[in-house]
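Here are the chains, one letter per residue:
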Amino acid sequence: MGRYVIRRLLQMIPVFIGSTFLIFFMVYALGDPVAALFGDRAPDPATAARIRADLYLDQPLYKQYLHYMGQIFQGNFGTAFNGQSVTELMKDAFPVTVRLTLVAIVIEMIVGIVLGVFSGLRRGRSVDTSVLLLTLIVVSIPTFVSGYVLQFLFGVQWGWAAPTVSPEAPLNELLLPGLVLALVSLAYVTRLTRTSLAENARADYVRTAVAKGLPRRRVITRHLLRNSLIPVVTFIGTDIGALMGGAIVTERIFNIHGVGFQLYQGILRQNSPTVVGFVTILVLVFLIANLLVDLLYAVLDPRIRYA
Amino acid sequence: MRGATRAKWAVCAIAVALAAAACGGGGGGTESSGVVSASWGDPQNPLEPANTNEVQGGKVMEMLFRGLKRYNPKTGAAENVIADRIETKDSQHFTVTLKGGWNFSNGQPVTAKSFVDAWNYGALLTNKQKNASFFQYIDGFDKVHPASGTPTAKTLSGLAVKDDKTFTVTLNQKFSSWPDTLGYAAFMPLPKAFFTDHAAYLKKPIGDGPYTIESYTKGSVMKMRKWDGYKGPDAARNDGIDLRVYTDNNTSYTDLQAGNLDLVDDIPAAQLKNVKRDLGNRYINQPAGIIQTLTFPMYDNNWGGTGKAKLRQGISMAINRDQITKEIFQKTRTPATDWTSPVLGEKGGYQAGVCGAACEYDPKEAKKLIQEGGGLPGGKMALAYNADTGSHKDWIDAICNSINNTLGTDSACVGAPVGTFADFRNKIAAKQMTGPFRAGWQMDYPLIQNFLQPLYYTNAASNDGKFSNAEFDRLVNEANAQTSTHEGVAKFQEAEKILAQQMPAIPLWYQNGSAGYSPRLSNVALNPFSVPVFNEIKVQ
């Protein structure tokens with residue numbers, strides 16, 4: 001187990017370097033951002049040159065990257081164009097996005113698994129069909145459509161919730177955005193749970209358990225559900241990273257000043273320190289979430305052993 | 001089946017709980033006090049006067065600072081505020097005398113030194129201020145801000161403090177309307193705190209205007225409150241302004257509709273059709289000092305060679321401005337008939353119809369002129385624009401449609417999108433344009449000079465098309481040397497007539513500023529820079 005974890009952690013190093021370089025290269029390929037700082041006016045060359053030198057933009061790509069990585073290992077993620085350090089931006093943005101992601105994950109887990117169990121146990125009935133149809137619809141609607149529609153209905157038409165989230169982003173205001181963010185994954189969780197449950201319901205060990213005369217509830221919770229949730233747990237684990245990165249659309253619609261907001265701003269202004277810094281952290285979150293999911297496997301299914 | 005029934009109840013319970021909790025989220029809306037909440041965008045640069053060159057930072061400057069002059073929010077005329085008088089005999093040497101009794105909100109008095117220090121800071125190359133070029137007319141600018149290398153002086157030799165209330169300015173050329181440029185943000189005075197503890201100042205800037213900053217959470221909200229110690233004539237008529245950052249103007253509009261926000265000054269294009277129905281007379285749509293043009297790369301022989309003026313005029317006549325401003329912009333743009341803006345007013349130099357027939361839609365004449373001008377180079381033209389911001393594609397395509405219809409083909413004119421605005425600007429700066437490209441000009445100060453000299457004078461900073469005309473340059477020089485504003489404006493208008501003959505840039509339309517506000521507010525208006533006049537807003 002220990003060796004496995006160390007091996008996985010070591011594997012993260014090349015992934016980390018590769019992904020940061022790719023992102024750095026892509027932002028770099030967008031071209032020189034300094035001209036845009038001056039708006040429609042042609043930049044005054046002397047000032048522009050100073051700013052470029054300041055941001056290390058007058059160096060070749062590989063030097064810029066090495067300089068950037070060197071800075072990162074000293075805990076310095078660079079400075080955004082408005083003069084704020086990127087670490088400061090992260091301190092503001094990540095707690096908000098983490099809270100939003102947690103809300104989304106909780107909604108996704110509770111609603112998704114309950115609906116999945118519900119329709120998986122009544123396979124082929126009308127309830128099952130309507131859940132399938134409903135999830136199909138949810139999966140096919142893009143987040144920005146459901147976001148704007150729900151925001152308009154809840155926020156403007158019925159006035160049940162504030163259409164946007166205040167800067168402090170308290171949990172109760174994050175419920176609606178969390179629901180929007182969770183919707184698509186929720187549909188996947190439902191379908192995954194349903195299929196997995198339906199498949200395992202015919203497995204030998206379930207038949208044995210039923211034959212032993214165990215109460216139905218115990219068969220479902222202890223035997224059937226525990227085994228059926230393995231693929232669901234994998235999905236939710238990997239989804240944490242996807243949700244945090246994917247919050248860019250939801251955060252924009254509900255004006256949440258989290259990671260998505262900073263990424264959007266950074267991309268628009270071609271501010272490579274912001275974009276690379278935030279994505280680097282997201283990559284780390286993704287890698288660690290994956291590792292945790294793999295370790296959780298062993299807990300859920302004793303057949304899986306890590307040497 | 002008992003388990004399933006239970007599950008059904010659980011689902012219902014969760015749904016109810018969610019809905020109930022969502023109801024609880026309705027707080028955080030508009031306060032009942034006299035504070036106005038307004039939409040804002042995260043300023044691109046640190047909040048220093050000489051570093052603020054876009055409208056979002058400009059909003060803060062307008063509330064936080066008062067300078068020598070201020071542009072009248074209604075007429076755009078430059079009026080003395082802290083300046084008592086600015087005198088000159090030769091349009092080159094100026095003596096500025098200040099009024100007494102002005103203070104910064106930290107108690108420090110506003111003196112001649114506050115201005116001179118601030119301007120020296122703004123001009124010095126090593127401070128990397130984006131508005132440094134605004135000080136270029138002051139003597140000694142080339143020493144503190146050389147085109148390359150390091151500065152050889154730290155202060156502008158053209159500035160001298162006489163006493164607390166007087167300082168003199170020497171310009172490096174005659175510039176009669178120079179005092180009228182002093183309402184721009186770059187010329188605001190700065191308190192000592194700016195120089196002694198710069199980092200703290202940037203966290204919470206201090207000014208001498210009608211508002212002070214109560215708190216500033218970068219990237220999300222700035223709370224500005226009425227400054228009770230403000231002695232100026234235009235004290236705030238509300239208790240304060242909360243500037244809230246939005247990245248999506250659809251969201252701020254939704255917030256306005258839900259009563260969660262009081263003032264929006266950027267109506268999303270998609271909502272322009274509904275805005276009248278939604279807001280009624282709480283929707284403002286008024287001219288701003290912004291003109292959109294199609295600029296020709298005059299360095300390219302296909303467009304700038306001899307005898308090509310007819311081609312350029314012909315293209316201008318092939319554009320149906322009326323239809324495009326009506327259908328695509330829902331009348332938030334007005335067809336342009338000159339190269340300035342209506343906000344200047346007749347006295348300021350705006351004159352409708354300078355462009356003449358060349359700006360009127362006339363397909364027959366257009367086709368004739370294009371043929372006389374040698375036709376489109378290679379029978380084709382591509383209109384360049386940046387695809388990342390603004391919805392430029394719609395109107396570029398409409399212009400191309402209009403030109404194609406005129407010429408009777410459907411492939412002569414196409415749009416040529418460039419991925420990012422920065423890339424677009426870089427290509428223009430590197431003279432890589434091979435066809436007409438979109439250009440927008442937002443005035444820095446409401447002067448006809450600002451619409452002509454920076455854009456069309458030989459080698460001027462924003463002369464993107466590299467237009468050069470000796471007669472035009474001569475008239476601009478003469479205009480700047482005039483001592484009376486009236487004669488200066490007349491000379492500029494003469495110079496503008498040369499643009500009509502040469503058509504280095506096709507005037508398309510004047511852009512309006514638009515805003516919407518909640519029923520709580522009254523007396524809301526936009527100034528000529530399309531920024532709300534915050535201090536005049538009243539809250540019920």
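The shown structure was predicted, so the numbers you read here are calculated from the model rather than taken from an experiment.

Reading guide: rules and limits
Residues numbered from 1 in each chain as written. Chains lettered and ligands numbered in written order. Predicted model: local features only at pLDDT ≥ 70, side-chain atom pairs only at ≥ 80, totals over all residues. Heavy atoms only, no water. Pairing = 2+ DSSP bridges. Helix = DSSP H or I, 4+ residues; strand = E, 2+ residues; numbered from the N terminus. Axes fitted to C-alpha atoms, helices over the stretch in contact; angles between N-to-C directions. UniProt positions renumbered as here; feature names shortened; annotations may be inferred. Salt bridge = Lys/Arg side-chain N within 4 Å of Asp/Glu carboxyl O. Buried < 20%, exposed > 50% of the residue type's maximum accessible area, 1.4 Å probe, protein only. Patch = residues over 30% accessible without salt bridge, like charges linked within 9 Å, V, L, I, M, F, W, Y side chains within 5 Å. Areas by Shrake-Rupley, 256 points an atom, 1.4 Å probe, with all protein chains shown as cover. Lys, Arg positive; Asp, Glu negative; His and termini not counted. Charge placed at Lys NZ, Arg CZ, Asp CG, Glu CD. Contact = heavy atoms within 4.5 Å. Domains from an automatic or database assignment. Buried area = accessible area lost by both parts, 1.4 Å probe. Polar contact = N/O pair within 3.5 Å; in protein donor to acceptor, adjacent residues only side chain to side chain. Phe/Tyr/Trp six-rings, centres within 6.5 Å; stacked < 30°, edge-to-face > 60°. Disulfide = S-S within 2.5 Å.

Some details on the sheet that holds strand β6 (residues 159-163) of chain B
Sheet strands pair by backbone hydrogen bonding; their relative direction is either parallel or antiparallel.
Residue and element names in this part refer to chain B.
1) Next: Strand order in the open sheet formed by four strands is β4-β5-β7-β6, with antiparallel pairing between adjacent strands. What marks the edges here is a single partner per strand, and that holds for β4 (83-88) and β6. When the angles between neighbouring strand axes are averaged without regard to direction, this sheet yields 20°.
2) Next: Where β6 and strand β7 (residues 166-170) come together, four bridges link them in antiparallel fashion. Across the sheet, Leu159 pairs through a bridge with Val169, a residue of β7.

Thoughts on the UniProt feature "transmembrane region" (unreviewed entry) in chain A
Residue and element names in this part refer to chain A.
1) Next: The UniProt feature table records "transmembrane region" (unreviewed entry) at residues 12-31, 98-119, 131-154, 174-192, 224-249 and 275-300.
2) Next: As annotated, residues 12-31 has a helix share of 90% and a strand share of 0%, and its two end C-alpha atoms lie 30 Å apart.
3) Next: Split by type, residues 275-300 is 100% helix and 0% strand. Its first and last C-alpha atoms lie 37 Å apart.

Remarks on the pattern of salt bridges
1) Next: Going through the model one piece at a time under the given rule, you end up with 24 salt bridges over all chains.
2) Next: A salt bridge links Lys128 of chain B to Asp54 of chain A; the nearest nitrogen and oxygen atoms lie 2.6 Å apart. Of this pair, Lys128 of chain B sits in the loop between α3 (112-123) and α4 (141-144) while Asp54 of chain A sits in helix α2 (residues 45-54), which puts the two residues in different chains.
3) Next: Residue Lys128 of chain B is classed as partly exposed on the basis of its relative accessible area, which comes to 21%.

Remarks on a positive patch on the surface
1) Next: On the surface, Lys212, Arg218, Arg222 and Arg226 of chain A cluster together to form a positively charged patch.
2) Next: Assignment of secondary structure puts Lys212 of chain A in the loop between α8 (204-211) and α9 (216-253).

Here's the deal with the environment of Tyr28 of chain A
Residues and elements named next belong to chain A.
1) Next: By the secondary structure assignment, Tyr28 is in helix α1 (residues 2-29).
2) Next: When its relative accessible area of 36% is taken as the criterion, Tyr28 is described as partly exposed.
3) Next: For the pair Tyr28 and Arg226, spaced 198 residues apart in sequence, the C-alpha to C-alpha distance is 48 Å.
4) Next: If we skip the residues at most four places from it in the chain, Tyr28 touches Leu61 and Gln64.

Concerning the domain arrangement of chain B
Residue and element names in this part refer to chain B.
1) Next: For chain B, the assigned domains read domain 1 (44-198) and domain 2 (287-513).
2) Next: Centre-to-centre separation of domain 1 and domain 2, based on C-alpha positions: 31 Å.
3) Next: Facing 15 residues of domain 1, the contacting portion of domain 2 comprises twelve residues.
4) Next: With both chains or domains summed, domain 1 and domain 2 bury close to 1200 Å², and 57% of this area falls on carbon and sulfur atoms.
5) Next: Across the domain 1-domain 2 interface, the total number found is zero salt bridges.
6) Next: Inspection of the region where domain 1 meets domain 2 yields two residue pairs in polar contact (both at pLDDT 80 or more).

Thoughts on the packing of aromatic side chains
Residue and element names in this part refer to chain B.
1) Next: Summed over the entire model, instances satisfying the criterion amount to 34 aromatic pairs over all chains.
2) Next: Aromatic side chains Tyr121 and Phe194 sit 4.9 Å apart centroid to centroid with 90° between the ring planes, which places their arrangement in the edge-to-face category. Placement of the pair is Tyr121 in helix α3 and Phe194 in helix α5 (residues 192-196), with a sequence separation of 73 residues.
3) Next: With relative accessibility at 16%, the residue Tyr121 sits in the buried group.
4) Next: The class of Phe194 is buried, set by a relative accessible area of 1%.
5) Next: Taking the centre distance of 5.3 Å and the plane angle of 65° together, the rings of Phe329 and Trp509 count as edge-to-face. Here Phe329 is found in the loop between α11 (321-327) and β13 (333-335), whereas its partner Trp509 is found in strand β17 (residues 505-517), with 180 residues between them in sequence.

Concerning a nonpolar patch on the surface
Residues and elements named next belong to chain A.
1) Next: Nonpolar side chains collect at one region of the surface, where Leu133, Leu136, Ile137, Ile141, Phe144, Val145, Val149 and Val249 lie side by side and expose about 660 Å² of accessible area between them.
2) Next: Elements with a contribution of two residues or more to the nonpolar patch: α5 (126-140) and α6 (143-157).
3) Next: Its location among the elements puts Val149 in helix α6.

Brief notes about helix α7 (residues 249-257) of chain B
All names here are of chain B.
1) Next: All of the buried residues along α7 are Thr251, Ser252, Tyr253, Thr254, Asp255 and Leu256.
2) Next: Put simply, Asp248 is the residue that caps the front of α7, since its side-chain oxygen is 3.0 Å from the backbone nitrogen of Asn250.
3) Next: Gly259 lies just past α7 and shows a positive phi near 75°.

Notes on the state of the cysteines
Residues and elements named next belong to chain B.
1) Next: Enumeration according to the criterion identifies two disulfides over all chains in this entry.
2) Next: Two residues share a disulfide in this structure: Cys400 and Cys413, whose sulfurs sit 2.0 Å from each other. On the S-S bond that ties Cys400 to Cys413, the torsion sits near -55°, and the link is left-handed. With Cys400 in helix α14 (residues 392-407) and Cys413 in strand β15 (residues 413-418), this residue pair connects regions lying 13 residues apart in the sequence. For the pair Cys400 and Cys413, a shared accessibility class is recorded, and that class is buried.
3) Next: Once the disulfide-bonded cysteines of chain B are ranked by sequence position, their pairing pattern turns out to be 1-2, 3-4.

Some details on the interface of chain B and chain A
1) Next: With 62 residues of chain B at the interface, the matching set in chain A holds 54 residues.
2) Next: The junction of chain B with chain A conceals about 5400 Å² of combined surface from both sides, 58% of it contributed by carbon and sulfur atoms.
3) Next: When the buried area of chain B at its contact with chain A is split by residue, Gln44, Lys128 and Thr247 of chain B rank highest and sum to 12% of it.
4) Next: Along the contact surface separating chain B from chain A lie one salt bridge.
5) Next: Counting every contact that joins chain B to chain A gives 13 residue pairs in polar contact (both at pLDDT 80 or more).
6) Next: Mapped by element, the contributors of at least two residues to the side of chain B that touches chain A are α1 (2-24), α7, α15 (421-429) and β16 (437-442) of chain B.
7) Next: Of the residues forming the side of chain B that touches chain A, the biggest block, ten residues, is contributed by α1 of chain B.

Things to note about unusual backbone geometry
Residue and element names in this part refer to chain B.
1) Next: Positioned with a positive phi, Lys128 is a non-glycine residue whose angle comes to about 50°.
2) Next: One non-glycine residue, Met503, lies in positive phi territory at about 50°.
3) Next: When you line up the elements, Met503 lands in the loop between α18 (485-502) and β17.
4) Next: You can call Met503 buried: its relative accessible area is 0%.

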